[in-house]
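Structural features, examined
One-letter residues, chain by chain:
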Amino acid sequence: MKKIVEGIHQFQKDVFSSKQQLFEGLAEGQHPRALFITCSDSRINPNLLTQTEPGELFILRNAGNIVPPYGSYERGEAATIEYAISVLGIKSIIICGHSHCGAMGGLLDQSQLEKLPAVRSWLEHSESTRRIINENYAHITDIEARLMVTVEENVLVQLDHLRTHPTVAAALGRKALNLHGWVYKFESGQVFGYDPDKKEFLAIEETSFSSLSVDRDLPPI
Ligand SMILES: [Zn+2]
């Protein structure tokens, strides 16, 4: 805790004072550029990764960057998504999985979840991911490669869940929303985006941002 409290003092002394105008401006409201949905994993820092400032990303985090389908018992994610679109007018949603994801590791090896009933229950929202991997990727036996493809497939499954939310479906219908599926490999700093034409994740520096929109028929926003 000492490091964390010292960090607050350092923030107030060094960071806040150098960006005081930015922080004071935030009191007038927020106009974030995107809803960024990612894992709770401490190794991900969305603002650092995207070089954005406070006020630029509306962030939703949970174990496994999961979006429960609309109508699920869990309502927290639905509320955040609804607010992002209906109130903040967000026009881009990114779901960002990551390398070495413990939640996806638990999904693959459920023996790890014996004493974690809440996690096991939560990961039922990734049951489609588990089935896709078990039934379609038997040829990938290397543990690390299998985990990475699980992370990728889970991003696509959660994008499908996202489309079940009425605010998302309606915004997509009026071409006012772009969805993006990303995977962040923190040990190399690379970010891969799903290309729906090639049906694979491509390094984002190799292609333009707009061409990686999952909803190809929509104009880039
Ligand atoms: Zn994770």
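Note: the structure precedes this text.
These lines cover the structure that appears in this document, whether it is placed above or below. (Residues numbered from 1 in each chain as written. Predicted model: local features only at pLDDT ≥ 70, side-chain atom pairs only at ≥ 80, totals over all residues. Heavy atoms only, no water.)

Focus: the packing of aromatic side chains
The criterion, for reference: Two rings from Phe, Tyr or Trp (for Trp, the six-membered ring) form a pair when their centres are within 6.5 Å of each other. A pair whose planes differ by under 30 degrees is stacked, one over 60 is edge-to-face, and the rest are tilted. Numbering of helices and strands runs from the N terminus; a helix is a DSSP stretch of H or I covering at least four residues, while a strand is a stretch of E covering at least two. Note on geometry: a ring has a charge over it if NZ (lysine) or CZ (arginine) is within 6 Å of the ring centre and within 35 degrees of the ring normal.
If you walk through the whole model with that rule in mind, you get seven aromatic pairs. Between Phe11 and Phe23, the aromatic rings sit 5.6 Å apart at their centres with planes inclined by 90°, giving edge-to-face as the arrangement. Of the two residues, Phe11 is situated in helix α1 (residues 2-18) and Phe23 in helix α2 (residues 20-26); the sequence distance between them amounts to twelve residues. Sitting over the face of the ring of Tyr70, Arg75 holds its NZ or CZ atom 5.2 Å from the ring centroid.

Let's talk about the pattern of salt bridges
Basically, it comes down to this: Any Lys or Arg side-chain nitrogen located within 4 Å of an Asp or Glu carboxyl oxygen qualifies as a salt bridge. Burial classes: relative accessible area under 20% of the type maximum marks a residue as buried, over 50% as exposed, and values in between as partly exposed (1.4 Å probe, protein chains only).
Counted according to the given criterion, the structure contains eight salt bridges. As a salt-bridge pair, Arg43 and Asp41 come within 2.7 Å of each other at their nearest N and O atoms. Exposure remark for Arg43: the relative accessible area of 40% places this residue in the partly exposed category. When the shortest N-O distance is used, the salt bridge between Glu135 and Arg131 registers 2.8 Å.

Brief notes about the coordination of the zinc ion
Quick note on the threshold: Any N, O or S atom lying within 2.8 Å of the metal counts as a donor, with the limit raised to 3.2 Å for Na, K and Ca; because water is left out of the atom set, some sites can appear incomplete.
Distances from the zinc ion to its protein donors, namely Cys39 (SG), His98 (NE2) and Cys101 (SG), fall within the range 2.0 to 2.3 Å. If you list the donors of the zinc ion from N- to C-terminus, the spacing comes out as C-x58-H-x2-C. In this pair, Cys39 sits in strand β1 (residues 34-39) while His98 sits in strand β3 (residues 92-98), placing the two residues 59 residues apart along the sequence. Considered together, Cys39 and His98 belong to a single accessibility category, that of buried residues.

Distances and angles like these do not, on their own, reveal function.
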